[in-house]
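Residue-level listing of the chains:
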Amino acid sequence: MGQTHRDKIIVQEADFDVAAEYQRLAGDATIGAVVMFVGRVRDINPQPDLVSLHLEHYPAMTERALHKIVAQAHERWPLDAVTIIHRVGSMGPAEQIVLVLTASAHRVAAYDANIYIMDYLKNDAPFWKKEVTLHQATWVEAKDSDQAAQLRWER
Amino acid sequence: MLTILYFARLRDALLCSEEQLPEVANGRELIAQLVTRGGVWAEELGGNRVFRIAINQEMAQLDDAIPAGAEVAIFPPVTGG
């Protein structure tokens, strides 16, 4: 169980380079499929008025929670590598927030594991978003649909 | 003693990020004790507001035992990703 030496789990303020994270796995012929998900800061209110998104986390718990999610994914699918980079701090509209990369010999494993990791991250990883708009600063409320998305893996 | 941590909206509402409290058996007892403070404590933790707890950096249920000297975090449902 657990992780491979190719896994990479990082929480950082800095932006990340998707191409570099893909390139890190170049030359490995056991990897037949790579799926990359990037979450970005969106501004889809009726009036575009988002100034910034502030992401807070619980540092002592965050990496532990992410490592646990990745270990669970390894138990379910034959994965060669998993990369999670999650940003904290302030970021502007359209900036990148999170990268989840899953690599496997098999396409379906890479796709499914990627969705699984995001579904668990949304419920079990201690990050909170605060939206700062032109008018106010509001903590983003959790969505029931995120919990429903996680529960379907437990059936 | 237990270390209690509060995060995000809950920390802002309670105006408290960290405190030390005497040992209690489980999360349910801890929350009941905090609710007796009244005011925002009762509003945030004693009503219909949803919150989560973690014991020693692991997500936990209210009835899970709290070991001596534990770090207990109380926070709103997470919204990362």
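First, a word on what this report is: a plain description of the structure on this page.

So, how was this worked out
Residues numbered from 1 in each chain as written. Chains lettered and ligands numbered in written order. Predicted model: local features only at pLDDT ≥ 70, side-chain atom pairs only at ≥ 80, totals over all residues. Heavy atoms only, no water. Phe/Tyr/Trp six-rings, centres within 6.5 Å; stacked < 30°, edge-to-face > 60°. Helix = DSSP H or I, 4+ residues; strand = E, 2+ residues; numbered from the N terminus. Buried < 20%, exposed > 50% of the residue type's maximum accessible area, 1.4 Å probe, protein only. Lys NZ or Arg CZ within 6 Å of the ring centre and 35° of its normal. Axes fitted to C-alpha atoms, helices over the stretch in contact; angles between N-to-C directions. Contact = heavy atoms within 4.5 Å. Nonpolar A, V, L, I, M, F, W, Y, C, P; charged D, E, K, R; others polar. Pairing = 2+ DSSP bridges. Salt bridge = Lys/Arg side-chain N within 4 Å of Asp/Glu carboxyl O.

1. Some remarks on the packing of aromatic side chains
The full count for this structure, using the stated rule, is 10 aromatic pairs over all chains. Ring geometry for Phe7 of chain B versus Phe75 of chain B: centroids 6.4 Å apart, planes at 65 degrees, classification edge-to-face. In this pair, Phe7 of chain B sits in the loop between strand 1 (2-6) and helix 1 (8-14) while Phe75 of chain B sits in strand 5 (residues 71-75), placing the two residues 68 residues apart along the sequence. Taken as a pair, Phe7 of chain B and Phe75 of chain B share a single burial class, namely buried. Three or more aromatic residues joined by ring pairs make a cluster, and in this case those are Tyr58 and Trp128 of chain A together with Phe7 and Phe75 of chain B. For the cation-ring pair, Arg37 of chain B lies above Trp41 of chain B, with the distance from its terminal atom to the ring centre recorded as 4.4 Å.

2. Observations concerning the packing of helix 2 (residues 27-35) of chain B against helix 3 (residues 39-46) of chain B
All names here are of chain B. It is the contact of helix 2 with helix 3, at a shortest axis distance of 8 Å, that shows an interaxial angle of 145 degrees. Packed against helix 2, whose contacting residues are Ile31, Leu34 and Val35, the element helix 3 presents Trp41, Ala42, Leu45 and Gly46 at the interface. Partitioned by chemical class, the residues of the contact of helix 2 with helix 3 number six nonpolar, one polar and no charged.

3. With respect to the sheet that holds strand 5 (residues 89-91) of chain A
All names here are of chain A. Read from one edge to the other, the open sheet built from four strands follows the order 5-3-7-8, with strand pairing classed as antiparallel. With partners counted over all chains shown, the strands left at the sheet margins are strand 5 and strand 8 (137-139), one partner each. Put simply, the sheet's adjacent strands are angled 25 degrees from each other on average, direction ignored. Bridge analysis of strand 7 (residues 127-133) against strand 8 gives three bridges, and the strand direction is antiparallel. Within the sheet, the bridge partner assigned to Lys130 lies in strand 8 and is Trp139.

4. Quick notes on the pattern of salt bridges
Inspection of the entire model under this criterion finds 15 salt bridges over all chains. Note that Glu56 of chain A is salt-bridged to Arg11 of chain B, the shortest N-O span being 2.7 Å. Here Arg11 of chain B lies in helix 1 and Glu56 of chain A lies in strand 3 (residues 50-57), a pairing that spans two chains. Residue classification places Glu56 of chain A among the buried residues on the basis of a relative accessible area of 11%.

5. Overview of the sheet that holds strand 1 of chain B
On the basis of which strands lie adjacent, the open sheet formed by five strands has the order 2-1-5-3-4 (chain B) and mixed pairing. Looking at the sheet topology across the chains shown, the edges are occupied by strand 2 (18-21) and strand 4 (58-60) of chain B. Neighbour-to-neighbour, the strand axes of this sheet turn through a mean angle of 30 degrees, independent of strand direction. Sheet contacts for helix 2 (residues 59-76) of chain A: strand 3 (52-55), strand 4 and strand 5 of chain B; angle to strand 4 of chain B, the most-contacted strand, approximately 85 degrees.

6. Some thoughts on unusual backbone geometry
The residue Ala94 of chain A is not glycine, and still its phi comes out positive at about 75 degrees. Residue placement: Ala94 of chain A occurs in the loop between strand 5 and strand 6 (96-104). One non-glycine residue, Gln57 of chain B, adopts positive backbone phi at about 65 degrees. Mapped onto the secondary structure, Gln57 of chain B falls in the loop between strand 3 and strand 4.

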